[in-house]
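For reference, the chains in residue letters:
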Amino acid sequence: MAVEEDLARVRLAHSRARASLRTNVVRRIVDLWRNLGSWDRADIPRFAPPAAQLVRAGQIQEGRLAVGYMDRVSRLRTGRPSPTVPVDRVPGRRGGVELGAVYKRPFVWTWTEMGDDKPLAQAVESA
């Protein structure tokens, strides 16, 4: 029973760490977005690359959390470590789209919303 209790604690700690990491990444990206000031084409280089870097760093950290979690579970269940996975070399792509391109999309969304007669503040918040 002690192993099951330890596993439950490990799962909870891992879940909390992932949630905290994701919340932090999202908060930093939203802050970056909201502080741009004009949301025009000239702001894309000020937003997309830093947002992509934040996400990539978050992905790497989440991978490290997963590897650590699996190692703790393996040690609890078998007494042996799990295989090491080099998470720093996992490509930073999702669905074949570069992260930099993904973080240009909020601009297009903002401009589309404004084209639909939404006020700038509402369009920015929506994006």
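Computed from a prediction, not measured in an experiment: that's the story for all the values here.

Cut-offs applied
Residues numbered from 1 in each chain as written. Predicted model: local features only at pLDDT ≥ 70, side-chain atom pairs only at ≥ 80, totals over all residues. Heavy atoms only, no water. Helix = DSSP H or I, 4+ residues; strand = E, 2+ residues; numbered from the N terminus. Buried < 20%, exposed > 50% of the residue type's maximum accessible area, 1.4 Å probe, protein only. Polar contact = N/O pair within 3.5 Å; in protein donor to acceptor, adjacent residues only side chain to side chain. Contact = heavy atoms within 4.5 Å. Expected span 1.5 Å × (residues − 1).

Draft legend 1. Representation of the environment of Ala-8. Its location among the elements puts Ala-8 in helix H1 (residues 2–34). For Ala-8, a relative accessible area of 37% puts it in the partly exposed group. Measuring from C-alpha to C-alpha, the distance between Ala-8 and Val-73 comes to 9.9 Å, with 65 residues separating the pair along the chain.

Draft legend 2. Representation of the side chain of Thr-110 within the structure. On the secondary structure map, Thr-110 appears in helix H4 (residues 105–115). Within the structure, the side chain of Thr-110 is placed 2.8 Å from the backbone oxygen of Pro-106, a separation counted as a polar contact. If near-sequence neighbours (up to four positions away) are discounted, Thr-110 is found in contact with Trp-33, Leu-120, Ala-123, Val-124 and Ala-127.

Draft legend 3. How the structure looks around H1. Helix length check: H1 (33 residues) gives 48 Å between terminal C-alpha atoms against 48 Å at 1.5 Å per residue, within 8%. Those residues of H1 that sit buried are Leu-7, Val-10, His-14, Leu-21, Val-25, Ile-29 and Trp-33. Tucked into the core, H1 has its buried residues touching helix H2 (44–78), H4 and helix H5 (120–126).

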